[in-house]
Amino acid sequence: MDGADSALTAANLLCQACVDVLEVDGAALSVMHDGTLWGTFGSSDQASRRLDELQFTFGEGPCLDAVRSGEPVSAVDLDGPAEQRWPALRSSLLDSGIEAVFALPVGAASRLGALDLFRRRTGALGREPAAGALLAAELAALPLLNLSPVGGWRAVGQVGNIQEQPAPLERVEVYQATGMLMGALQVDSAEALVRLRAYAFVHSMTASEVAWAIVQRRLALDTDDWLEPGDPAGRTR
């Protein structure tokens, strides 16, 4: 087993352990680099991976806030009147049955990412689960640091260099699809990504799901037809 595979296994096991002992229903490990959310590295299950993916799709969420602030971020009642953060993400989480979410920064100095915890009921974590979550966030830095032989995330690769990005991050298809849109629409990368994310939002999909449809040529965003709700990408559930 190579370094990336070993790191992914460790990350998945850590996320599953969080579900087993921290009174949460899902966990995922998000990876950040230079303030950009690169993807979901480990998760307790596919549902948690998809929930975490929505943060990249909408460009908002507790993971981003936790990494930027360097402090844990929590939303103990996503449907409560006092909760106004992350409107797009919050709606999708509630639609998925998630009532509370917690994010803890991973890698205090290097800001590697965040450990995201999802729960299907409202309320703060108890004292022991909260302490356990902080410990889990510390442990989560280990598989990310092990991604590269020099012990740092920076060496894994730069955004846009598809060949050097680790496969578990599930971002390769997004950059491929963005490149295809740039060529087809004659727009820059920022506008192409905005268009991809907008389609995902309108059709309740993740950015990766839309990207796969574009890469597999099941979807073209060269007209305004994509603004109509529906599922013309032929997504399988």
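Attention here is on the structure that accompanies the text.

Some words on the environment of Ala-136
Okay, so step 1: Residue placement: Ala-136 occurs in helix α5 (residues 127-145).
Okay, so step 2: Put simply, Ala-136 and Leu-14 are 122 residues apart on the chain and 7.3 Å apart in space, counted from C-alpha to C-alpha.
Okay, so step 3: Not counting residues within four places of it along the chain, the set of residues in contact with Ala-136 comprises Leu-14, Cys-18 and Leu-115.

Comments concerning the pattern of salt bridges
Okay, so step 1: In the structure shown here, the tally under the stated rule is two salt bridges.
Okay, so step 2: Here Glu-209 and Arg-50 are joined by a salt bridge, their closest N and O atoms 3.1 Å apart. Of this pair, Glu-209 sits in helix α8 (residues 207-215) while Arg-50 sits in helix α2 (residues 46-58), placing them 159 residues apart in sequence.
Okay, so step 3: Using a relative accessible area of 23% as the deciding quantity, one classes Glu-209 as partly exposed.
Okay, so step 4: The exposure class of Arg-50 is partly exposed, given its relative accessible area of 29%.
Okay, so step 5: Among the ionic pairs, Glu-83 bridges to Arg-85, the shortest N-O distance being 2.8 Å.
Okay, so step 6: Residue class for Glu-83 comes out buried when judged on its relative accessible area of 9%.

Overview of the pairing of strand β5 (residues 113-119)
Okay, so step 1: By the criterion of burial, β5 is predominantly enclosed, with seven of the seven residues buried.
Okay, so step 2: The alternating pattern of β5 places Gly-113, Leu-115, Leu-117 and Arg-119 on one face and Ala-114, Asp-116 and Phe-118 on the opposite face, and all of these are buried.

Quick notes on a nonpolar patch on the surface
Okay, so step 1: A surface patch of nonpolar side chains, about 270 Å² in accessible area, is lined by Leu-135, Leu-139 and Leu-142.
Okay, so step 2: Along the polypeptide, Leu-135 turns up in helix α5.

Re the environment of Arg-50
Okay, so step 1: For the pair Arg-50 and Ser-208, spaced 158 residues apart in sequence, the C-alpha to C-alpha distance is 9.3 Å.
Okay, so step 2: A polar atom in the side chain of Arg-50 sits 3.1 Å from the side chain of Glu-209.

Description of the pairing of strand β4 (residues 100-106)
A regular strand places its side chains so that they alternate between the two faces of the sheet.
Okay, so step 1: Burial of β4 is extensive: seven of the seven residues sit out of reach of the surface.
Okay, so step 2: Residues Ala-100, Phe-102, Leu-104 and Val-106 of β4 are buried on one face, and the alternating residues Val-101, Ala-103 and Pro-105, pointing to the opposite face, are buried as well.
Okay, so step 3: Two strands pair when backbone bridges link them, and strand β3 (residues 73-75) and β4 are joined in this way by three bridges, in the antiparallel orientation. Bridging from a neighbouring strand, Val-73 pairs with Ala-103 of β4.
Okay, so step 4: Inspection of the sheet shows β4 paired to β5 by seven bridges, in the antiparallel sense. Bridge pairing links Val-101 to Phe-118 in β5.

Each value, and the rule that gives it
- Residues numbered from 1 in each chain as written.
- Predicted model: local features only at pLDDT ≥ 70, side-chain atom pairs only at ≥ 80, totals over all residues.
- Heavy atoms only, no water.
- Helix = DSSP H or I, 4+ residues; strand = E, 2+ residues; numbered from the N terminus.
- Contact = heavy atoms within 4.5 Å.
- Salt bridge = Lys/Arg side-chain N within 4 Å of Asp/Glu carboxyl O.
- Buried < 20%, exposed > 50% of the residue type's maximum accessible area, 1.4 Å probe, protein only.
- Patch = residues over 30% accessible without salt bridge, like charges linked within 9 Å, V, L, I, M, F, W, Y side chains within 5 Å.
- Areas by Shrake-Rupley, 256 points an atom, 1.4 Å probe, with all protein chains shown as cover.
- Polar contact = N/O pair within 3.5 Å; in protein donor to acceptor, adjacent residues only side chain to side chain.
- Pairing = 2+ DSSP bridges.

All we've got here are geometric facts, nothing functional implied.
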